[in-house]
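Per-entry structural report
Listed below are the residues making up each chain.
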Amino acid sequence: MVDPDLRSLRAAVHMARAMGLGAIDAHWATGESLPEVAPVDLVMAAEVLCYCEDAGLVVQNLARVLRPGGLLLCSVALVTYSLAREHRSKKKVDTGVTP
């Protein structure tokens, strides 16, 4: 487990212990400064890549700690309505509806 926010990291470790998940390998760090860790089967980056200084470096570091055949799960925040609207307005598609 990696988190740059120490309070969040402590809370996550506490919750994992309370759920009986066993030993947790926790690191107070960023994805860009991910330490050398033992290879893992699964890496999950949920809604974090859009907040990283260098998302490409983060993905490289995540891939580095995966075992061969490991699974990397990533998600990013939903595009805001205004950005989606701007993107749609650039398309020259006649929908038959007048804005």
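First, a word on what this report is: a plain description of the structure on this page. Sequence order as written defines residue numbering, which begins from 1 separately in each chain. With the structure being a predicted model, the display of local features is reserved for residues of pLDDT at least 70 and the display and counting of side-chain atom pairs for 80 or more, all residues being used for whole-chain, interface and lining totals. The side-chain quantities take in all heavy atoms of the structure and omit both hydrogens and water.

**With respect to the overall build of the protein chain**
- Secondary structure elements follow DSSP: runs of H or I of four or more residues count as helices, runs of E of two or more count as strands, with numbering from the N terminus. Each helix and strand in the protein chain was counted, giving 3 helices and 4 strands.
- In the protein chain, the succession of helices and strands from N to C terminus is β-α-β-β-α-β-α.
- Partly exposed describes any residue whose relative accessible area lies between the buried limit of under 20% and the exposed limit of over 50%, with all areas from a 1.4 Å probe on protein chains only and scaled to the type maximum. Looking at the protein chain residue by residue over its 99 residues, the buried ones come to 15%.
- Here a residue-residue contact requires only that any non-hydrogen atoms of the pair lie within 4.5 Å. Restricting the contact set of the protein chain to residue pairs at least 6 apart, pairs at least 24 apart contribute 63%.
- Of the roughly 7900 Å² that the protein chain leaves accessible, carbon and sulfur atoms contribute 60%. Reported accessibility uses the Shrake-Rupley method at a 1.4 Å probe radius. Residues are deemed covered only where the shown protein chains occlude them.

**Structural notes on the side chain of Asn61**
- Within the secondary structure, Asn61 sits in helix H2 (residues 55-65).
- When its relative accessible area of 10% is taken as the criterion, Asn61 is described as buried.
- Discounting residues that sit within four places of it in the chain, Asn61 has contacts with Gly31, Glu32, Ser33 and Leu34.

**Here we look at helix H1 (residues 6-18)**
- Multiplying 1.5 Å by the helix residue count minus one yields the expected span of that helix. Between its first and last C-alpha atoms H1 spans 18 Å; for 13 residues at 1.5 Å apiece the expected length is 18 Å, and the two agree.
- Turning to H1, its buried residues number three or more, namely Leu9, Val13 and Ala16. One side of H1 carries all its buried residues, which in axial view fall inside an arc of 65°. H1 presents Arg7, Arg10, His14, Met15 and Ala18 as exposed residues on the side facing more than 90 degrees away from its buried surface.
- Looking at the packing, one finds that the buried side of H1 touches strand S1 (2-3) and strand S2 (27-28).
- Looking one or two residues beyond H1, the residue adopting positive phi is Gly20, at roughly 75°. For this quantity, the arc is that covered by the directions from the helix axis to the C-beta atoms.

**Overview of the pattern of salt bridges**
- The rule for a salt bridge is simple: a side-chain nitrogen of Lys or Arg has to be within 4 Å of a carboxyl oxygen of Asp or Glu. Per the counting criterion, the structure on display carries 2 salt bridges.
- Residue Arg64 is joined to Glu36 by a salt bridge in which the shortest nitrogen-to-oxygen separation is 3.3 Å. Pair noted here: Arg64 is in helix H2 and Glu36 is in the loop between S2 and strand S3 (40-46), with a separation of 28 residues, a long-range link.
- Taking relative accessible area as the criterion, Arg64 reaches 35% and is therefore assigned partly exposed.
- Given the relative accessible area of 67%, Glu36 is considered exposed.
- Among the ionic pairs, Arg67 bridges to Asp41, the shortest N-O distance being 3.2 Å.

Nothing here speaks to function; it is all geometry.
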